[in-house]
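Chain by chain, the residues:
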Amino acid sequence: MEPVNPDCHQCKDHGLNLPDGHRACQQHIPSQWRSTLDDLDHRAQRVIPDGWPYGPNIDVQARIDLIRWAESLGVKHSGTRCQQLHWLRSGQCQEADCRPLGWMDHTTRWTRDGEPALLLTQPYGSPETLRESIGWLLEDDAFYVAMEPSWYGHGTTGIFVWRSDVWQSLQED
């Protein structure tokens, strides 16, 4: 990513990655991106009340993709810090030492109609390799698992772990 202003430390090291291949800090965002960013920030208030998760916090294309995805499904980012699947089952974290499973990376949790709906993890690796890591999960009737591209990008695979009843209701809508 080329900084919009090569003399600006913020553009160079802390700016937003723009889809046109540039990086810019808030002061140097090109005017053609300002209205898009304002629109995304406004829309994000409805689906990501706690601020942008890692990835979209620095990447505009990830913001665009996340907002389109979340709005199309009617999901809202959950503020839970739970790192495993028990949150989907029970709606709460019941583990004293809740750590992510080895195949989880760039993980976010999502609600629908105020209830736990989805754990989305976006690890690096091919779907074939990742499928070996989650084989047991594919056989759990409590969940519907899909592996497909998602909004994080950068060579990751989206592993969408839906609560089965929520997934079924989406299919009926």
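The structure we're discussing is the one just above.
Given the structure is predicted, the values throughout are model-derived calculations rather than measurements.

Undergrad: How do you make sense of the pattern of salt bridges when you look at a structure like this?
TA: For side chains bearing opposite charge, pairing can occur when the charged atoms are close. Scanning all chains against the criterion turns up six salt bridges. Arginine 63 is the salt-bridge partner of aspartate 41, the closest N and O atoms lying 3.6 Å from each other. Residue aspartate 41 is located in helix 2 (residues 31-47), and its partner arginine 63 is located in helix 3 (residues 60-73); the two are separated by 22 residues in the primary sequence. On the basis of relative accessible area, aspartate 41 is assigned to the partly exposed category, the value being 33%. In this structure arginine 63 comes out as buried when scored by relative accessible area, which is 6%. Residue arginine 43 is joined to glutamate 71 by a salt bridge in which the shortest nitrogen-to-oxygen separation is 2.6 Å. Taken as a pair, arginine 43 in helix 2 and glutamate 71 in helix 3 lie far apart in primary sequence, 28 residues in all.

Undergrad: How do you make sense of the pairing of strand 6 (residues 115-121) when you look at a structure like this?
TA: Two faces, one strand: in a regular strand the side chains alternate between the faces of the sheet. Along strand 6, six of the seven residues are buried, which leaves the element largely enclosed by surrounding structure. Direction of pairing for strand 5 (residues 108-112) relative to strand 6: antiparallel, over a ladder of five bridges. The residue bridging threonine 108 from the neighbouring strand is leucine 120, located in strand 6. Bridge count for strand 6 against strand 8 (residues 158-163) is four bridges, and the pairing is antiparallel. Pairing of threonine 121 across the sheet is with isoleucine 159, part of strand 8.

Undergrad: Quick question: what am I supposed to make of the sheet that holds strand 6 here?
TA: The pairing of strands in a sheet happens through backbone hydrogen bonds and is either parallel or antiparallel. Judged by pairing direction, the sheet is antiparallel, and its five strands sit side by side in the order 4-5-6-8-7 without closing on themselves. With one partner strand each, in any of the chains shown, strand 4 (76-77) and strand 7 (143-148) form the two edges of the open sheet. Relative to strand 8, strand 7 runs antiparallel, the two sharing six bridges. The partner of tyrosine 144 across the bridge, within strand 8, is tryptophan 162. Contacts from helix 3 reach strand 5, strand 6 and strand 8 within the one sheet, and its direction differs from that of strand 5 by about 30°.

Undergrad: What is the right way to read the sheet that holds strand 2 (residues 16-17) from this model?
TA: Taken together, the three strands give an open sheet; going across it, the order is 1-3-2, and neighbouring strands pair in mixed fashion. Each having just a single partner strand, strand 1 (2-3) and strand 2 make up the two edges of the open sheet. Pairing between strand 2 and strand 3 (residues 22-24): two bridges, direction antiparallel. Residue leucine 16 lies in a different strand from strand 3, and its bridge partner there is alanine 24.

Undergrad: Looking at this structure, how should I read the packing of helix 2 against helix 3?
TA: Each pair of packed helices gets described by two things: the angle between the helix axes and the distance between those axes. Where helix 2 meets helix 3, the closest approach of the two axes is 10 Å, and the angle between their N-to-C directions is 40°. Here helix 2 lies oblique to helix 3, going by the angle between them. Crossing hand, helix 2 versus helix 3: left-handed. Contact residues: helix 2 offers Trp33, Leu37, Leu40, Asp41, Arg43, Ala44, Arg46 and Val47, while helix 3 offers Val60, Arg63, Ile64, Ile67, Ala70 and Glu71.

Undergrad: Would you mind showing me how to read the packing of aromatic side chains here?
TA: Aromatic ring pairs are defined here through the distance separating the ring centres and the angle between the ring planes. Within this structure, the stated rule accounts for five aromatic pairs. Ring centres 5.8 Å apart and planes at 45° place the aromatic pair tryptophan 162 and tryptophan 167 in the tilted group.

Undergrad: Teacher, can you tell me more about the pairing of strand 5 here?
TA: Most of strand 5 sits inside the fold, with five of its five residues counted as buried. Neither face of strand 5 is exposed, since Thr108, Trp110 and Arg112 on one face and Arg109 and Thr111 on the opposite face are all buried. Here strand 4 runs beside strand 5; their pairing, made up of two bridges, is antiparallel. Residue pairing in the sheet places lysine 76 in a bridge with threonine 111 of strand 5. Here strand 5 folds back onto strand 6, and the loop between the two strands holds two residues, one of which, aspartate 113, carries a positive phi near 55°.

Cut-offs applied
- Residues numbered from 1 in each chain as written.
- Predicted model: local features only at pLDDT ≥ 70, side-chain atom pairs only at ≥ 80, totals over all residues.
- Heavy atoms only, no water.
- Salt bridge = Lys/Arg side-chain N within 4 Å of Asp/Glu carboxyl O.
- Helix = DSSP H or I, 4+ residues; strand = E, 2+ residues; numbered from the N terminus.
- Buried < 20%, exposed > 50% of the residue type's maximum accessible area, 1.4 Å probe, protein only.
- Pairing = 2+ DSSP bridges.
- Contact = heavy atoms within 4.5 Å.
- Axes fitted to C-alpha atoms, helices over the stretch in contact; angles between N-to-C directions.
- Parallel < 35°, antiparallel > 145°, perpendicular 65-115°, else oblique.
- Left-handed = near helix turned anticlockwise from the far one by under 90°.
- Phe/Tyr/Trp six-rings, centres within 6.5 Å; stacked < 30°, edge-to-face > 60°.

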